[in-house]
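# Observations on the three-dimensional arrangement
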Amino acid sequence: PGTGKSHVIANGMLSSQMRARLGRTLVVCNSNVGLDSVLSKLKEAQPHRAREFACRIGYKDKVSTELGEFYLGDVDADVAPYDVVFTTIYRAGRQSGPKVGGVATELRPWEFDTVIFDEASRVNEVDVAKVVLRNRASLRLIIFVGDHAQLPPIVHSKLEERGYARSAMERVLDAREAAPHVMLK
């Protein structure tokens, strides 16, 4: 905590110069508080412009009141006009469409070029897969931001029993030779 990860996302990765290189960007996090922290820093960094290119979707009552101007609606909201969209991992991977046995079966596609996973040490592979599949037609870059030694991943016990008790970020770090990466200190 306090190492500046949110600052790097808001002031570095989402600066106008980097946005031009990253394309449409989806910023996801396991927690609404973490997500709103990054959006708040973006608002501070670009107070007169952030609202033009960024929006927040999800449950309205979970969005910080000071960021209400960014709220667009739930995940079915039209995010096409925005270059940067903030939502939780759960909402980003939420299925919709007709329900079978009470469960929606459709994962409607989004078209983001880049996905930034904040608090990536908490993200499990299933959640990453849902977000990647939803953006498979356009996705060019996945960025994990987090401290793998800070917090454990959030994993359902049945997945843990099958060997998925590690975060997707940990698996990428174990395969460093195969995956391009930059470790910040």
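What comes next is a walk through the structure. All of these numbers come straight from a predicted model, not from anything done at the bench.

### Some points on the overall build of the protein chain
Per the secondary structure count, the protein chain includes 8 helices and 8 strands. Taken across its 185 residues, the protein chain has 42% of its residues classed as buried. Nonlocal contacts in the protein chain, meaning residues at least 24 apart in sequence, comprise 69% of its contacts between residues at least 6 apart. Summing over all exposed atoms, the protein chain offers an accessible surface of approximately 10,200 Å²; the carbon and sulfur share of this is 53%.

### What to know about the packing of helix H1 (residues 5–13) against helix H3 (residues 32–45)
The N-to-C vectors of H1 and H3 enclose an angle of 45°; their axes lie 8 Å apart at closest approach. As judged from the angle between their axes, H1 and H3 are oblique. The crossing of H1 and H3 is right-handed. Contact with H1, carried on its side by Ser6, His7, Ile9, Ala10 and Asn11, involves Ser37, Val38, Lys41, Leu42 and Ala45 of H3 and no other residues of that element.

### Comments concerning the pattern of salt bridges
Enumeration according to the criterion identifies 5 salt bridges in this entry. One salt bridge connects Glu69 with Lys43, and the closest N-O pair in it is separated by 2.8 Å. Taken as a pair, Glu69 in the loop between strand S2 (54–57) and strand S3 (71–73) and Lys43 in helix H3 lie far apart in primary sequence, 26 residues in all. For Glu69, a relative accessible area of 41% puts it in the partly exposed group. The salt bridge involving Arg49 is made with Glu52; its shortest N-O contact spans 3.6 Å. Overall, Arg49 belongs to the partly exposed group, its relative accessible area being 40%.

### Overview of the packing of aromatic side chains
Applying the stated criterion across every chain yields a total of 2 aromatic pairs. Judged by centre distance (5.6 Å) and plane angle (80°), the ring pair of Trp110 and Phe112 falls under edge-to-face. Among the residues examined, Trp110 registers a relative accessible area of 10% and is labelled buried. Arg24 extends its terminal NZ or CZ atom over the ring of Phe112, reaching a point 4.4 Å from the ring centre. Lying over the aromatic face of Tyr59, Arg91 brings its terminal NZ or CZ to 4.0 Å of the ring centre.

What counts and what doesn't
Residues numbered from 1 in each chain as written. Predicted model: local features only at pLDDT ≥ 70, side-chain atom pairs only at ≥ 80, totals over all residues. Heavy atoms only, no water. Helix = DSSP H or I, 4+ residues; strand = E, 2+ residues; numbered from the N terminus. Buried < 20%, exposed > 50% of the residue type's maximum accessible area, 1.4 Å probe, protein only. Contact = heavy atoms within 4.5 Å. Areas by Shrake-Rupley, 256 points an atom, 1.4 Å probe, with all protein chains shown as cover. Axes fitted to C-alpha atoms, helices over the stretch in contact; angles between N-to-C directions. Parallel < 35°, antiparallel > 145°, perpendicular 65-115°, else oblique. Left-handed = near helix turned anticlockwise from the far one by under 90°. Salt bridge = Lys/Arg side-chain N within 4 Å of Asp/Glu carboxyl O. Phe/Tyr/Trp six-rings, centres within 6.5 Å; stacked < 30°, edge-to-face > 60°. Lys NZ or Arg CZ within 6 Å of the ring centre and 35° of its normal.

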